[in-house]
Amino acid sequence: MNKNRRATPLAADSEIKAPDPTNPSARRQFLTRGLAATAVAATGSSIADVALAQTPPDAENLPPHVPKWMREQGSGFLNPAYGLPSAFEKKVVRKLPGQAAAFPTASRTPLQDLFGTVTPNGLFFERHHGGVPAIDPGQHRLMVHGLVRQPLVLTMKDLMRFPSVSRTCFIECSGNSFGEYKAVSKGTVQDIHGLLSSAEWTGVLLSTVLAEVGVNPGASWLLAEGADAAAMSRSVPMAKAMEDAMLVYGQNGEMLRPEQGYPLRLLLPGYEGNMNVKWLRRLKVGDAPFHTREETSKYTDLMSDGRAAQFTFEMDVKSVITSPSAGQEISERGFHEITGLAWSGRGKIKRVEVSADGGRNWREAQLDGPVLARALTRFRSPWSWEGGEHILQSRALDESGQVQPTRAQLVAERGLNSSYHYNGIQSWNVSTTGEVTNVHA
Ligand SMILES: Nc1nc2c(c(=O)[nH]1)N[C@H]1C(S)=C(S)[C@@H](COP(=O)(O)O)O[C@H]1N2
Ligand SMILES: [Mo]
């Protein structure tokens, strides 16, 4: 399968009607509808207000009055041992699949409710094949063996004595968005694309540990095995192990969450989620791939001619608009920021373009820096909605030259047998009433 899709020429700036943010008089226009915006807070229906509006405001708390929370002493320390989000943010949660399975296997990140590129640890998506093991780090061991000079059994203490590194990168399940191959998925951006999260990971480079055990000449693959009931096992090419693979114990500044592999996880930046083995207990060095269950019966890509591509490691370039997105409603005419996330397993995002007319015209979006390789990149584009029907799309280009394909291009190339590695352009339809829904354009 050709993973380097032909680069379609990227159009120059286009026709999306938007205030020019460099023009100071235009900038003031964001707020000229300020009074209307205040009214919206009362009905709670605009995009920004969806999460915020809880109860109709009490006039006594609005200007020019002094609100009641200023007229009394605040509470003591709310959660001094470990802080929690505001009680008004209860709707921002991970979500299990609609049909609750007897044993649910995945929860999804609320991409529509998050800012910037950080996924708070409690909202990181989860995918477990055998449940979450309860591992006492004092009893956890990592065995490194096979084609090595000195096999070792390492404790967590041993691992934490090695020189450490921190690196920000995303993890995406290769089954993310898979429903889009075959049908128009219902639900929100969380339901459709929420098997995607990001963290700053801390640990030791795998190359450091491999140098310690001494890899024999001819060694070209590693087997990584998890300590869960699924004994999740995958083969990893030695080149990736030496390039940037990490054994991580830290996630956004604290120890890994149990769901993310506490106390030790293999991190393969940019590779499909499944290969990032959680609860890592064993690394075996070999001279050929191990052909485990997860890389033969699962996580292969069945093509239209009936053959299956094996070892599809890197996640392809992809982007999605998180606001406005399905399930949201635009209630106010005028300025709205179109914003979303772009990422690629092959390196940095180079460019993101946004269309408000189903892909006829494209306009370059602004990227929030620093743009990091194999990490989420936030894009933004100013837009003005005047009550018309629109199809909003984003498409990303990465530094390897790969361009995000349309769904039609992706299906033409791969057929409909595949369910992994879906990276087609997402289309959100905005109706004349401001309702946003998923469509295939
Ligand atoms: N040991 C083990 N590692 C595992 C899994 C598992 O079930 N067991 N699931 C894999 C899959 S399919 C994905 S997508 C990612 C999910 O990582 P997360 O749960 O931290 O989001 O972990 C991978 N690593
Ligand atoms: Mo996955």
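Scroll up for the structure.
What comes next concerns the included structure.

**A word on the overall build of the chain**
Part 1 of the reasoning: Summing up its helical and strand segments, the chain has eight helices and 23 strands in all.
Part 2 of the reasoning: In the chain, which comprises 441 residues, the proportion classed as buried is 48%.

**With respect to the nonpolar core**
Part 1 of the reasoning: In terms of nonpolar packing, the biggest core is built from 34 residues, with L142, L159, L247, L266, L280 and L283 touching the most fellow members.
Part 2 of the reasoning: Of all the elements in the fold, those that place two or more residues in this core are strand 3 (141-146), helix 4 (156-161), helix 6 (206-213), strand 7 (221-226), helix 7 (238-243), strand 9 (246-251) and strand 12 (280-286).
Part 3 of the reasoning: Residues contacting L159, with those up to four places away along its chain left out, are L142, L154, V204, V209, L247, Y249 and L264.

**Regarding the packing of aromatic side chains**
Part 1 of the reasoning: Here the structure, examined in full by the defined rule, presents eight aromatic pairs.
Part 2 of the reasoning: Taking 5.8 Å as the distance between ring centres and 15° as the angle between the ring planes, the aromatic pair formed by F124 and F125 counts as stacked. Like F125, F124 is buried.
Part 3 of the reasoning: A ring pair is formed by F124 and W201, whose centres lie 5.5 Å apart and whose planes are at 80°; its orientation type is edge-to-face. In this pair, F124 sits in the loop between strand 1 (106-107) and strand 2 (126-127) while W201 sits in strand 6 (residues 196-205), placing the two residues 77 residues apart along the sequence. In this structure, F124 and W201 share a single accessibility class: buried.
Part 4 of the reasoning: Among the aromatic residues, ring-to-ring pairing joins W221, Y271, F311 and F313 into one connected group.
Part 5 of the reasoning: Its guanidinium or amino end placed over the ring of Y271, K240 lies 4.5 Å from that ring's centre, counting from NZ or CZ.
Part 6 of the reasoning: Just above the ring of W362 sits the side chain of R395; from NZ or CZ to the centre is 4.2 Å.

**Comments concerning the site of ligand 1**
Part 1 of the reasoning: By nearness alone, 20 residues border ligand 1, and F125, H129, D228, R265 and K278 come closest of all.
Part 2 of the reasoning: A distance of 3.0 Å is found between an oxygen atom of ligand 1 and a backbone nitrogen or oxygen belonging to R127.
Part 3 of the reasoning: Here ligand 1 has 530 Å² of accessible area as a free molecule, and 100% of this is covered by the chains.
Part 4 of the reasoning: Each residue belonging to the shell around ligand 1 can be placed in one class, and the counts come to seven nonpolar, seven polar and six charged.

**A closer look at the sheet that holds strand 8 (residues 233-237)**
Part 1 of the reasoning: The strand order across the open sheet formed by five strands is 4-3-12-7-8, and the pairing between neighbours is mixed. The sheet is open, and its two edges are formed by strand 4 (152-155) and strand 8, each paired on a single side. Across this sheet, the average inter-strand angle for adjacent strands is 20°, counted without regard to direction.
Part 2 of the reasoning: The pairing of strand 3 with strand 12 spans four bridges and is parallel. When the sheet's bridge partners are listed, G146 is paired in strand 12 with V285.
Part 3 of the reasoning: Sitting on the sheet, helix 6 touches strand 3, strand 4, strand 7 and strand 12, and the angle it makes with strand 4 is about 135°.

**Remarks on the side chain of E295**
Part 1 of the reasoning: Note that E295 resides in the loop between strand 12 and strand 13 (301-302).
Part 2 of the reasoning: Discounting residues that sit within four places of it in the chain, E295 has contacts with R234, S235, F290, T300, Q310 and F311.

The rules behind each value
- Residues numbered from 1 in each chain as written.
- Chains lettered and ligands numbered in written order.
- Predicted model: local features only at pLDDT ≥ 70, side-chain atom pairs only at ≥ 80, totals over all residues.
- Heavy atoms only, no water.
- Helix = DSSP H or I, 4+ residues; strand = E, 2+ residues; numbered from the N terminus.
- Buried < 20%, exposed > 50% of the residue type's maximum accessible area, 1.4 Å probe, protein only.
- Core = buried A, V, L, I, M, F, W, Y, C linked by side-chain atoms within 4.5 Å.
- Contact = heavy atoms within 4.5 Å.
- Phe/Tyr/Trp six-rings, centres within 6.5 Å; stacked < 30°, edge-to-face > 60°.
- Lys NZ or Arg CZ within 6 Å of the ring centre and 35° of its normal.
- Near = heavy atom within 4 Å.
- Polar contact = N/O pair within 3.5 Å; in protein donor to acceptor, adjacent residues only side chain to side chain.
- Areas by Shrake-Rupley, 256 points an atom, 1.4 Å probe, with all protein chains shown as cover.
- Nonpolar A, V, L, I, M, F, W, Y, C, P; charged D, E, K, R; others polar.
- Pairing = 2+ DSSP bridges.
- Axes fitted to C-alpha atoms, helices over the stretch in contact; angles between N-to-C directions.

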